[in-house]
Amino acid sequence: MATGGRGAVVAMAAGSTLSSASVTLFLLLVLPRVSQAQTFFFSFRQPETCGHNQYFDISALSCVACGSNQRQDARGTSCVCLPGFQMISNNGGPDITCKKCPEHMKGVTEDGWNCISCPGGLTAEGKCHCPTGHILVERNVNGTLLSQATCELCDESENSFTVANALGNRCVRCEPAFINTSKSCACSEPNILTGGLCLSSTGNFPLRMISTARYGELGISFTSEWFAKYLQSAAAACWQSTKLKFIAASYDVRGNFLKWQTLEGGILQLCPDTETRLNAAYSFGTTYQQSCEIPVPKILTDFPTPTFYDVYLEYTDENQHQYIWAVPVLNLNLQHKKMFVNKDSSSGKWLLTRRIFLVDTLSGRENDLGSQPRLIRVATQISLSIHLVPNTKNGNIYPPLITIAYHDIDIKDPSSQSVKVSFSVTYEMDQGEAHVQTDIALGVLGGLAVLSSLLKTAGWKRRIGSPMIDLQTVAKFLVYYAGDLANVFFIITVGTGLYWLIFFKAQKSVSVLLPVPAQEKRFVTYVGCGFALKALQFLHKLISQITIDIFFIDWERPKGKVLKAVEGEGGVRSATVPVSIWRTYFVANEWNEIQTVRKINPLFQVLTVLFLLEVVGFKNLALMDSSSSLSRSPPSYIAPYSRILRYAVSSALWLVIGLIQIVFFAVFYERFIEDKIRQFVDLCCMSNISVFLLSHRCFGYYIHGRSVHGHADTNMEEMNMNLKREAENLCSQRGLVPNTDGQTFQIAISSQMRQHYDRIHETLTRKNGPARLLSSSGSTFEQSVKAYHTMNKFLGSFIDHVHKEMDYFIKDKLLLERILGMEFMEPMEKSIFYNDEGYSFSSVLYYGNEATLLIYDLMFFCVVDLACQNFILAAFLTYLQQEIFRFIRNAVGQKNLASKTLVDQRFLI
């Protein structure tokens, strides 16, 4: 090692790393040779260790005391005057001079050189303090110091949109995110303030905030404060700025280039509107429609000379290189060989151009260019159409196309003339594959519907006891097929609607676009066909229900005899005590009441769906934009509705609310509050009345209501005693078969049984019928009463196995029979009673046809809405038709019930 003076230091600096022993040796050899004036080592100090009245001298690397009336500045490397003192001179470090401010001017200016009177309080640094939103003004525009500072409020109105900057000394324009979202400098609800940005809640806002950072290589994860503050806003800003970037090169009438400009701000939109609504035209995936009527004087004022535009689409390739693509123009007014070639449906004949203008008020001037034009030409229709590349996953599109139509206006009375103009942006994709998938589904499900209808027709043939295939059989098959095909159309339309709703609204990278109105025609046709077929099925069920045969079997027997006066003879004779008819009337009235009982509340259904659509805002999911928000702020653009999405949203809500009601009705209401179907069966048993019901010629239902106590026409004390005995199992069970509880049955009766029933029934319903008993002749009434007792006796004896030639037996249905809804065994010699624990007699009531009613009401609601685009009107008409059909069902059902059971219709309420 060299030991001679400065060269040793250089050698050491340029040499390799030394050990601690070598460094020690170097210091021992070199430092003694350095003069005492050259000090190379100091006491090590950090700036933070300096006191409040000291500053860190960066040259001496030590703490140095500040002068009088001074303290350490914010950085700690120099001194400043204490609050209430102004600077007189400043040469850096402690070399400053401070002077105390007078009592009437205790404040110090922001630069610290002057004393000033403050309008309010002081800050900790002795400067003037202004309220939030105000800026501090200490000098005139020319720099002259004011004797008293002022606090000026920044103008946050629409004319300025300014707020105080971070220093509070200047009014600056608000953040664009605040202006664009809320049209103000405040981020008010329902907008969301996050990461310093004001974001609309109507956009694709990421509600979940991810703030955990994971470092897999180290196996460490923790909450990142940066992510917590800014990641959510960064993601939302990216999602909300998906826009198509169109730019235009503008030229004057002489062909001189004017400037490049973006189309945002309404460059091609003649209709005036807010900037937010105008710029929504270029938000990708948002179908845009704008139309208005503009007075001719405004056109003449705003467009003294035409401006021409060449429109380009700006895009970036995979290597982040920026390019522009010239957007072609389809001018519908263009003529070639005296033909409007651009109006042809074949694109191969089109002649595309590049340059457009909005208004031409120049070429229509006569004699003098300074005079009012005799004729002006206006672009009354401008449409920008964008087609998605098939099977794309990243939103690839074909080059956009501008379609424009001009209209010539003859200027006669400008003050009374106006021009209708429109601007639209449409997004399309090839629907061929979707149509193929729909056709396949329609074919498969339609085939299954044919099979289902054939099975129903076969079951119906067996239930009417007719093996012949006739015209009635064909008609019945068509009716069944109409109902099944209606369900097919319903499944396809709801599935299609939900597909577009889910995949269009939930996609992050564009892969599907909504069908345009012209492409929705097939869907609307399916909905219309489904509704028409479902209406036919509903009417068929309604007619079937009001034409059933029903009879109430009274098991009550007379209690002894009474003396009865003989009219005309003046004497008395003993007679059997008549059985009261009031129990039969009571049961008949209860049957009449449950005819239109449903598993849902129709009014609640309609009002809840309407509330969710109109108040909660589910209808906003049907807008033709990419937002899945349920609310829209008033300043934002509201896209037109998609008929497919309206159908999907309303169908989904209707089904969900309906299913919730059905589940609630079955699980809670019927179990803990009221079960009207089972209560009716109990009422029959308490009244000693059975119900014999035929929905088909040889098929129907039987409710066994024979009292286990032998009679029901008794006093309160005996009735309570009977109920107590039954509760304590001190009597036999209610079932038709001894020691069983089975009271409800499906019955398949033999032809002989049916013929005997018809002979008695014909006498019962002969001539005027029971509705006019008071005006009928005595003989007719007596015949009807006799027929009633004959039918009651016959059915009672039939149930008691009295008629061996018309006997029956009881069995369980096979599982396959339950699934197919038909019976494999024909009732040849004996009738068959099938145990029925599911109370399937409700199939002749509204109660047992809830699925049909729910779908019919849903499709009625949707068809009305598709026709008028009004949920409120659709809800009103849906409820109105429900009430009308319910009234018809009750009225006709009462008349049929009265005619079949000899019950006076006036007792049915």
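You'll find the protein chain entered in an unreviewed UniProt entry as Meckelin isoform X6, with Bos indicus given as the organism.

Draft legend 1. Representation of the pattern of salt bridges in the model. The full count for this structure, using the stated rule, is 28 salt bridges. Residue Arg 374 pairs with Glu 366 through a salt bridge whose shortest N-O separation is 3.1 Å. Among the charged side chains, a network of salt bridges with common partners joins Arg 463, Lys 813 and Glu 823.

Draft legend 2. Molecular detail of the UniProt feature "transmembrane region" (unreviewed entry) in the protein chain. UniProt marks residues 478–503 and 644–668 with the feature "transmembrane region" (unreviewed entry), using the numbering shown here. For the annotated span residues 478–503, helix accounts for 100% and strand for 0% of the residues, and the straight-line distance between the end C-alpha atoms is 37 Å. As annotated, residues 644–668 comprises 100% helix and 0% strand, and the C-alpha atoms at either end are separated by 35 Å.

Draft legend 3. Broad picture of the packing of aromatic side chains. Applying the stated rule across the entire model yields 40 aromatic pairs. Here the aromatic rings of Tyr 702 and Phe 833 are separated by 5.8 Å at their centres, their planes lie at 55°, and the arrangement is tilted. One end of the pair, Tyr 702, is in strand β32 (residues 699–703); the other, Phe 833, is in strand β35 (residues 831–835), and 131 residues separate them in sequence. The structure contains a cluster of three or more aromatic residues connected by ring pairs, namely Phe 531, Phe 538, Tyr 856, Phe 860 and Phe 885. The residue whose ring lies beneath Lys 343 is Phe 340, and the NZ or CZ to ring-centre distance is 4.6 Å. The ring of Tyr 251 carries Arg 355 above its face, with NZ or CZ at 4.2 Å from the centroid.

Draft legend 4. Representation of the side chain of Lys 476 in the model. Note that Lys 476 resides in helix α8 (residues 471–506). For Lys 476, which is buried and forms no salt bridge, the nearest opposite charge comes from Asp 470, at a distance of 11 Å.

Draft legend 5. The arrangement of the nonpolar core in detail. Counting residues in each nonpolar core, the largest one holds 95 residues, and the members touching the most others are Phe 246, Leu 268, Val 378, Tyr 647 and Phe 861. If we ignore the near neighbours within four places in the chain, the residues touching Phe 246 are Thr 262, Leu 263, Tyr 282, Val 311, Tyr 312, Leu 313, Val 327, Leu 384 and Pro 400. Among the nonpolar cores identified, the runner-up in size contains 29 residues, and Ile 548, Ala 588, Phe 680 and Tyr 847 belong to it.

Draft legend 6. Up close: the state of the cysteines. Here the structure, examined in full by the defined rule, presents eight disulfides. Note on cysteine connectivity: Cys 50 is disulfide-linked to Cys 63, with sulfurs 1.9 Å apart. Its torsion about the S-S bond being -85°, the disulfide of Cys 50 and Cys 63 is classed as left-handed. Here Cys 50 is found in the loop between α2 (20–30) and β1 (54–57), whereas its partner Cys 63 is found in strand β2 (residues 62–65), with 13 residues between them in sequence. As far as the burial class goes, Cys 50 and Cys 63 line up, both buried. There is a disulfide in this structure between Cys 101 and Cys 115, and the S-S distance comes to 1.9 Å. Across the S-S bond linking Cys 101 and Cys 115, the dihedral sits near -80°, which makes this disulfide left-handed. With Cys 101 in the loop between β6 (96–100) and β7 (107–108) and Cys 115 in strand β8 (residues 115–116), this residue pair connects regions lying 14 residues apart in the sequence.

Conventions we followed
- Residues numbered from 1 in each chain as written.
- Predicted model: local features only at pLDDT ≥ 70, side-chain atom pairs only at ≥ 80, totals over all residues.
- Heavy atoms only, no water.
- Salt bridge = Lys/Arg side-chain N within 4 Å of Asp/Glu carboxyl O.
- UniProt positions renumbered as here; feature names shortened; annotations may be inferred.
- Helix = DSSP H or I, 4+ residues; strand = E, 2+ residues; numbered from the N terminus.
- Phe/Tyr/Trp six-rings, centres within 6.5 Å; stacked < 30°, edge-to-face > 60°.
- Lys NZ or Arg CZ within 6 Å of the ring centre and 35° of its normal.
- Buried < 20%, exposed > 50% of the residue type's maximum accessible area, 1.4 Å probe, protein only.
- Lys, Arg positive; Asp, Glu negative; His and termini not counted.
- Core = buried A, V, L, I, M, F, W, Y, C linked by side-chain atoms within 4.5 Å.
- Contact = heavy atoms within 4.5 Å.
- Disulfide = S-S within 2.5 Å.

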